[in-house]
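Reading the structure
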Amino acid sequence: MSSEKADAGTGKPPMRDALVAAAFQLFLERGYEQTTIDDIVALAGVGRRSFFRYFPSKEDVVFPDHERCLADMTAFLAAGTGDEEPVRRVCDAARLVLRMYAENPTFSVQRYRLTKKVPGLRAYELSVVWRYERALAEYLRRRFAARRDGTLQADVIAAAVVAAHNNALRSWLRSDGQGEANATVDHALAYVQSAFGGTPVPPAGERPEDVVVVVSRRDAPLWRVVQEIESTLGRG
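First, a word on scope: everything that follows refers to the structure included in this document.

Rules behind the numbers
- Residues numbered from 1 in each chain as written.
- Predicted model: local features only at pLDDT ≥ 70, side-chain atom pairs only at ≥ 80, totals over all residues.
- Heavy atoms only, no water.
- Helix = DSSP H or I, 4+ residues; strand = E, 2+ residues; numbered from the N terminus.
- Buried < 20%, exposed > 50% of the residue type's maximum accessible area, 1.4 Å probe, protein only.
- Contact = heavy atoms within 4.5 Å.
- Arc of directions from axis to C-beta.
- 1 Å grid on protein atoms, 1.4 Å probe; cavity = no way out; pocket = protein on both sides within 12 Å on 5 of 7 lines; lining within 4 Å.
- Points joined across faces, edges and corners; volume = space filled by probe spheres on them.
- Nonpolar A, V, L, I, M, F, W, Y, C, P; charged D, E, K, R; others polar.
- Axes fitted to C-alpha atoms, helices over the stretch in contact; angles between N-to-C directions.
- Parallel < 35°, antiparallel > 145°, perpendicular 65-115°, else oblique.

Note on placement: serine 108 falls in helix H7 (residues 105-117). The class of serine 108 is buried, set by a relative accessible area of 2%. Those residues within four positions of serine 108 in sequence are excluded, and the remaining contacts are Tyr101 and Leu173.

Here's what the structure looks like:
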């Protein structure tokens, strides 16, 4: 849930976290549709006005940190110097979303299971994902402004980053948050960087292949060319 600290001197979680905790307790016990905002505030011990101070709707309490994460992503992209490789930059921005999920795997898995069951939440989640994709695409459009088909490239790459990230993230969530989420997402994003980035990214655990350029006479025998290559690679 939120990374906010407990209220100073009380040992209690902040009101925002208390509302999220109360909501998910009720969602798990009664079901999402059967839980009302009045039920949530009653369990949290606060009034309705306190709920709406933090969350515009019941759907928003299911995704409490996405606004913060979207703001962090936008700030991260804006803070670039302009010298970064653009595709790598948007892949790094997508990792901020992963970090949000990985902060609390138990909560993230519960939300994933709940969202699968409730069509309205799936639609809400899609709208959130679209906002992330739009933020990535807007950054790439600025970076590709001078390119032919720059807007097309930006939109395609942004969609690919989101698709790769979400494929890996959902795989991790389906495993109940077991395993190394970072490695799973890195592997997926490597495909995007390999396809669209300036420098191909080798698969995890593999070194880039050596590339050797040998200048030789056209009529040189093959054995001498091989010998020169081996000598260059230190195998002679």
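Considered for burial, the residues of helix H2 (residues 37-44) that qualify are Ile37, Ile40 and Val41. All buried residues of H2 fall inside an arc of 90° around its axis, so they share one side. Of the residues one or two after H2, glycine 45 is the one with positive phi, at around 75°.

Moving on: empty space enclosed by the protein. Summed over the entire model, instances satisfying the criterion amount to two cavities of 30 Å³ or more. Approximately 30 Å³ is the volume attributed to the second largest cavity. In this structure, the second largest cavity is lined by His66, Glu67, Leu70, Val128, Arg131 and Tyr132. Looking at the lining of the second largest cavity, the elements with two or more residues in it are helix H5 (66-78) and helix H8 (119-143). Taken together, the residues that form the lining of the second largest cavity break down as three nonpolar, one polar and two charged.

Our next topic: the packing of H7 against H8. The geometry of H7 relative to H8 is characterised by a closest axis approach of 5 Å and an angle of 115° between their N-to-C directions. The angle between the axes of H7 and H8 places the two elements in the roughly perpendicular class. Residue-level contacts link Leu114, Thr115, Lys116 and Lys117 of H7 to Pro119, Leu121, Arg122 and Glu125 of H8. For the contact of H7 with H8, the per-class residue count stands at three nonpolar, one polar and four charged.

Running from N to C, helix H6 (residues 86-102) and H7 cross one another at 100°; their axes reach a closest spacing of 7 Å. What the angle tells us is that H6 and H7 run roughly perpendicular. Where H6 approaches H7, its residues Met100, Tyr101 and Ala102 are matched on the opposing element by Pro105, Ser108 and Arg111. Its residues assigned to classes, the contact of H6 with H7 shows four nonpolar, one polar and one charged.

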